[in-house]
There are 2 protein chains.
Amino acid sequence: MTIKNQVLEIAREARAASYILARVSTSLKNKALLRMAEELVRETRNLIAENARDIKDARRKGLSAAMIDRLTLKKATVEGIAKGLEEVAALPDPVGKVTSMWRRPNGLLVGRMRIPLGVIGIIYESRPNVTADAAALCLKSGNAVILRGGSEAIHSNRAIATILRRVLKEVGIPESAIQIIPMTDREAVHEMLQLEEYIDLIIPRGGEDLIRAVVQASRIPVIKHYKGVCHIFVDAGADTDMALTICMNAKVQRPGVCNAMETLLVHKDTAKTFLPLMAEKYREAGVVLRGCKKTRKILPDAEPAAEEDWYREYLDLILAVRVVDGLDEAIRHIEKYGSLHTEAIITRDYANAQRFLNEVQSSTVLVNASTRFSDGFELGLGAEIGISTTKLHAFGPMGVEELTTTKFIIYGDGQIRS
Amino acid sequence: MTIKNQVLEIAREARAASYILARVSTSLKNKALLRMAEELVRETRNLIAENARDIKDARRKGLSAAMIDRLTLKKATVEGIAKGLEEVAALPDPVGKVTSMWRRPNGLLVGRMRIPLGVIGIIYESRPNVTADAAALCLKSGNAVILRGGSEAIHSNRAIATILRRVLKEVGIPESAIQIIPMTDREAVHEMLQLEEYIDLIIPRGGEDLIRAVVQASRIPVIKHYKGVCHIFVDAGADTDMALTICMNAKVQRPGVCNAMETLLVHKDTAKTFLPLMAEKYREAGVVLRGCKKTRKILPDAEPAAEEDWYREYLDLILAVRVVDGLDEAIRHIEKYGSLHTEAIITRDYANAQRFLNEVQSSTVLVNASTRFSDGFELGLGAEIGISTTKLHAFGPMGVEELTTTKFIIYGDGQIRS
């Protein structure tokens, strides 16, 4: 069978399963999730052995230590995956929820009911835990899933998917509700992205290059974020201790993630006192600063920032710093250079806090809190399938509810249109 | 300037205007809409003169009488457009609405606030009233709009847009918030569809061919519906009078629209009594029936339905008819042949009504009411920018709320992540 036909067959099976899955009860879905958690832990030894094959291949291919680290499954990793499945089981089921209902003058009772999207394709890199996490969130939200992990994790991903599918069968859910693309050829991804009749949504998770390639090739809607160029604006008169603590946390606590701060904007009236204190803390933490001209007058040791630095997602201990005239310039900077991800203001001024919340059009906007809270779990969505920086369908962190849509349900008693 | 650069310039101006428009007050937007209504009526003579140029060209090109009818602006059409603008002014403004808010254990107050999508591109055919309707809905929801109408209506569309833009300027909103692509070249559409940085959403309105071409070429998310193959299932024991009245209304009242019924499914236990009565009514109304074998045993005069008839959107006085064993077969038929648009059940059975509402995954599902109610105005959304049969972002009729998204707003008091 050609790759094209194999992928088509997988997608068709997923579509067929999606009709059944949409009607599966919450208790049966939860039972499956809890059994999956048990079975993954019970099969830890097998998973680690399959993972070792991937690691051996990765070493042979000379992958970086960081990549191999992300690829590695340990006992604790498997326990973490299992705990994640239990947490998804504990979430409320979004399917079937009637979000609103109203009466029309002609007596029709019109409501909106949450239903699954149908079939979701996930395209991701190295981390094998995504296989279980994504499958669990799709299952909970009543969606069939087609998983296409990186070729470097193929043995691990196959081993995990085999266990998940076995449990589906055991509890009486079609095992084709969780599909894995078993071929490592790039052609398989390309074929998958053409199947708009069978797949409702594609979520790519990985670097910007992967995501751009998926968007370019896909005929299916894609929810994605390219990058997170997150800003904090320290207003005039901000609480200095709070500003220092939050700016430290946002840059240093985990610099390699998309909700870490990449650009610090400081009000000119507070820059002279705040920046030297901040720079001292950053120096101790090993953060390299790249400043605008005004910043470098205050911090002569800072490197000069080039125009392209304002667009950069460093994902590293590097920070761009700009002194601005006030809130208006800060907002204009974010509009021009931002990525619609996450921005925060540190302020004591009520009007500025409200203006920042209202006017900044990014997916997450905070007052007096770290950008690192832009995360589905931290915001209370229960779990996260990804973050969207495009405004269609979902904007910001996405939980299980964002894996559903609403249909109109209408109770009549004979109404016709005149 | 090349076409590419002209379109780019239009899109850039729209993006710049969108930042300002997102912050414009409800009262100023409403003032603009009401002034637009006044000005369109005041300029009726001018609009009809410009429209006459389009009609002259259309006659010269030999366009069908139906197309020329859709293209024609009369005094009553202009009054209808103006009334539509007044209705949009009267709708609640979705922008800024906080749809939910909750407290996290660490004290963060997290909410979701509606914001405009940004810049919306509308690609449509012949009817010049879409120019004003779409611009009004985008303005009300705080979005800049780029309008690309059919070349056959170019003079009418330009004349309408000129008036709308003049009013924007008069009330103090950037006139570039309403843009019209002034070139009739197809290249202009193609260039527009590449500008994912400047345009957030494309809504094509027109025939299936237009929509497929847009989806194929676009790098920007598209909300669309290809066709409406709407079903009514008449259950065993349904109220015969109600079934006759609703099935008549759904097929005959306006057969050329997407929410008209195209396939009638009848329970085998009711077919023998119901179908002859129904066929008699349809015969009087000039409806041609195409039936399955079982249907033709009861109605020997019906034409035989071929497999492809079950997929057809006739948009005409033709109806496919199938006798089914019961609810399960009806649902399976809709899953296989349906277009996710609108389906209705006529029943007295409580359990079947609930199962139909829960299990049919189309965007609008009705009990004991005509499929013709699948319409933004009829369902109480106030107005309609289009209907979506894809599940992403909006599913079913779309009103102004569907032209917004939500961002997360977070009130903190110094929280950092540990």
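Here, residues in each chain are numbered from 1, in the same order as that chain's written sequence. Labels are handed out in written order, letters beginning with A for the chains and numbers beginning with 1 for the ligands. Only residues with pLDDT of at least 70 get local features here, since the model is predicted, and only at 80 or more are side-chain atom pairs given and counted; chain-wide, interface and lining totals rely on the full set of residues.

On to the overall build of chain A, then. Numbering of helices and strands runs from the N terminus; a helix is a DSSP stretch of H or I covering at least four residues, while a strand is a stretch of E covering at least two. Of the regular secondary structure elements, chain A holds 14 helices and 16 strands. As defined in this context, the radius of gyration uses C-alpha atoms, and a globule is described by 2.2 Å times the residue total to the power 0.38. Over its C-alpha trace chain A gives a radius of gyration of 24 Å, about what one expects of a compact globule, namely 22 Å for 418 residues. Overall size of chain A, expressed as C-alpha extent along the three principal axes, is 70 × 65 × 35 Å. A residue is called partly exposed when the number of other C-beta atoms within 10 Å of its own lies between 12 and 20, exposed at 12 or fewer, and buried at 20 or more, with C-beta atoms placed from the backbone. Residues classed as buried in chain A amount to 52% of the 418 residues present.

Where the parts come together, the accessible area they lose is often given as the size of the interface. Domain boundaries assigned for chain A yield domain 1 (3-224) and domain 2 (230-377). Boundary definitions for the domains trace back to an automatic or database domain assignment. Spacing between the C-alpha centres of domain 1 of chain A and domain 2 of chain A amounts to 36 Å.

Residues and elements named next belong to chain A. When DSSP finds two or more bridges between a pair of strands, those strands are recorded as paired. Taking strand neighbours across the sheet as the criterion, the four strands line up as β5-β4-β3-β6 in an open arrangement whose pairing is parallel. Two strands lie at the open edges of the sheet, namely β5 (178-180) and β6 (201-205), each paired on one side alone. Neighbour-to-neighbour, the strand axes of the sheet open up by a mean angle of 20 degrees, direction not taken into account. Against the sheet, helix α1 (residues 3-21) contacts β3 (119-124), β4 (144-148) and β5, and its axis sits at roughly 150 degrees relative to β4. Note on method: axes are straight lines fitted to C-alpha atoms, helices fitted across the in-contact stretch only, with angles between N-to-C directions ranging 0 to 180 degrees. Contact definition: two residues whose C-beta atoms, as placed from backbone geometry, lie within 7 Å.

Backbone phi values are negative for most residues with the exception of glycine, while trans is the configuration of most peptide bonds. One non-glycine residue, His-393 of chain A, adopts positive backbone phi at about 70 degrees. Here His-393 of chain A lies in the loop between β14 (386-388) and β15 (396-398). On the basis of neighbour count, His-393 of chain A is assigned to the buried category, with 21 C-beta atoms found within 10 Å. You will see that Leu-315 of chain B, though not glycine, has its phi angle at about 55 degrees, which is positive. Examined against the element boundaries, Leu-315 of chain B turns out to sit in the loop between β10 (303-304) and β11 (318-324). Note on Leu-315 of chain B: 16 C-beta atoms within 10 Å, which makes it partly exposed.

Fitting of the copies onto one another was done by least squares over C-alpha atoms, counting residues only where both copies have pLDDT of at least 70. Of the transformation placing chain A onto chain B, the axial shift is 0.0 Å and the rotation is 180 degrees, giving an RMSD of 0.0 Å. Taken together, these values place the two copies in the relation of a two-fold axis. Minimal C-alpha distance to the rotation axis in chain A is attained by His-393 of chain A, lying at 1.7 Å.

All right, on to the packing of helix α3 (residues 44-60) of chain A against helix α7 (residues 154-171) of chain A then. Residues and elements named next belong to chain A. Between α3 and α7, whose axes approach to 7 Å, the crossing angle comes to 155 degrees. Considering the angle they form, α3 stands roughly antiparallel to α7. Across from Asn-46, Leu-47, Glu-50, Asn-51, Arg-53 and Asp-54 in α3, the residues of α7 making contact are Ile-154, His-155, Ser-156, Ala-159 and Ile-160. Each residue belonging to the contact of α3 with α7 can be placed in one class, and the counts come to four nonpolar, four polar and three charged. For classification, angles of less than 35 degrees are called roughly parallel, those exceeding 145 degrees roughly antiparallel, those between 65 and 115 degrees roughly perpendicular, and all remaining angles oblique. Under the grouping applied here, Gly and all other residues not named as nonpolar or charged are polar, the nonpolar ones being Ala, Val, Leu, Ile, Met, Phe, Trp, Tyr, Cys and Pro and the charged ones Asp, Glu, Lys and Arg.

The next subject is the interface of chain A and chain B. With 58 residues of chain A in contact, the opposing surface of chain B contributes 58 residues. Broken down by class, the residue content of the side of chain A that touches chain B amounts to 26 nonpolar, 20 polar and twelve charged. Where strand β13 (residues 364-369) of chain A meets strand β16 (residues 404-415) of chain B, five bridges bridge the pair, whose relative direction is parallel. Counterpart to Val-367 of chain A in the pairing with β16 of chain B is Tyr-411 of chain B.

Quick look at the environment of Glu-38 of chain A now. As for its placement among the helices and strands, Glu-38 of chain A is situated in helix α2 (residues 26-42). A sequence separation of 39 residues divides Glu-38 of chain A from Thr-77 of chain A, and the C-alpha atoms of the two residues are 14 Å apart.

Right, let's talk about the pairing of strand β12 (residues 342-346) of chain B for a bit. All names here are of chain B. Extensive coverage of β12 is indicated by the burial of five of its five residues. Side chains Thr-342, Ala-344 and Ile-346 of β12 all project onto a buried face; the interleaved residues Glu-343 and Ile-345 project onto the opposite face, where all are buried too. With four bridges connecting them, strand β7 (residues 230-234) and β12 associate as parallel partners. Among the inter-strand pairings, Val-234 is bridged to a residue of β12, identified as Ile-346. With four bridges joining them, β12 and strand β13 (residues 364-369) adopt parallel strand pairing. Of the residues in β13, the one forming a bridge with Ala-344 is Leu-366.

Confidence of the predictor at the level of single residues is captured by pLDDT, which takes values from 0 to 100. For chain A, per-residue confidence averages 95 on the pLDDT scale, and 100% of positions sit at 70 or higher. Two numbers describe this predicted complex: its pTM, 0.92, and its ipTM, 0.93.

It is worth spelling out helix α5 (residues 75-90) of chain B at this point. What a helix should span is 1.5 Å times the count of its residues minus one. In a regular helix each residue adds 1.5 Å, so 16 residues correspond to 22 Å; α5 of chain B covers 23 Å between its end C-alpha atoms and thus fits that length. Close packing links the buried residues of α5 of chain B with α2 (26-42), α3 (44-61) and α6 (129-140) of chain B.

Before going further, it helps to examine the sheet that holds β13 of chain A. Read from one edge to the other, the open sheet built from ten strands follows the order β10(A)-β9(A)-β11(A)-β8(A)-β7(A)-β12(A)-β13(A)-β16(B)-β2(B)-β1(B), with strand pairing classed as mixed. Whereas interior strands pair on both sides, the edge strands pair on one side only; in this sheet they are β10 (303-304) of chain A together with β1 (98-103) of chain B. Two elements, strand β9 (residues 288-291) of chain A and β10 of chain A, share two bridges in a ladder whose sense is parallel. Pairing of Gly-291 of chain A across the sheet is with Pro-304 of chain A, part of β10 of chain A. Across the face of the sheet, helix α13 (residues 327-337) of chain A comes into contact with β7 (230-234), β8 (261-267), β11 (318-324) and β12 (342-346) of chain A while running at roughly 140 degrees to β11 of chain A.

A few words now on helix α6 (residues 129-140) of chain A. Residue and element names in this part refer to chain A. Its twelve residues give α6 an end-to-end C-alpha distance of 17 Å, which sits within 8% of 16 Å, the value for a rise of 1.5 Å per residue. Along α6, eleven of the twelve residues are buried, which leaves the element largely enclosed by surrounding structure. The complete set of buried residues in α6 reads Val-130, Thr-131, Ala-132, Asp-133, Ala-134, Ala-135, Ala-136, Leu-137, Cys-138, Leu-139 and Lys-140. Positive phi appears at Gly-142, one or two residues downstream of α6, with a value of about 75 degrees.

Residue and element names in this part refer to chain B. Tracing the sequence through the fold places Ile-223 in the loop between α9 (208-217) and β7. Classification of Ile-223 as buried rests on a count of 25 C-beta atoms within 10 Å. A C-alpha to C-alpha distance of 23 Å links Ile-223 and Ala-153, two positions 70 residues apart in sequence. Discounting chain neighbours no more than four positions away, the residues touching Ile-223 are Leu-201, Ile-203, Gly-386, Ser-388, Thr-390, His-393 and Ala-394.

Looking along a regular strand, one sees the side chains alternate between the two faces of the sheet. As paired strands, β9 of chain A and β11 of chain A are joined by four bridges and run parallel to one another. Following the sheet pairing, Leu-289 of chain A is matched in β11 of chain A by Leu-319 of chain A.

Mapping Lys-336 of chain A onto the fold places it in helix α13. With 26 residues separating them along the chain, Lys-336 of chain A and Trp-310 of chain A place their C-alpha atoms 9.2 Å apart.

With that settled, consider the packing of α2 of chain A against helix α5 (residues 75-90) of chain A. All names here are of chain A. One way to put it is that α2 packs onto α5 with a least axis distance of 8 Å and a crossing angle of 170 degrees. Between α2 and α5, the crossing angle belongs to the class labelled roughly antiparallel. Contact with α2, carried on its side by Asn-30, Leu-33, Leu-34, Met-36, Ala-37, Leu-40 and Val-41, involves Val-78, Glu-79, Ile-81, Ala-82, Leu-85, Glu-86, Val-88 and Ala-89 of α5 and no other residues of that element. Along the lines of polarity and charge, the residues of the contact of α2 with α5 split into twelve nonpolar, one polar and two charged.

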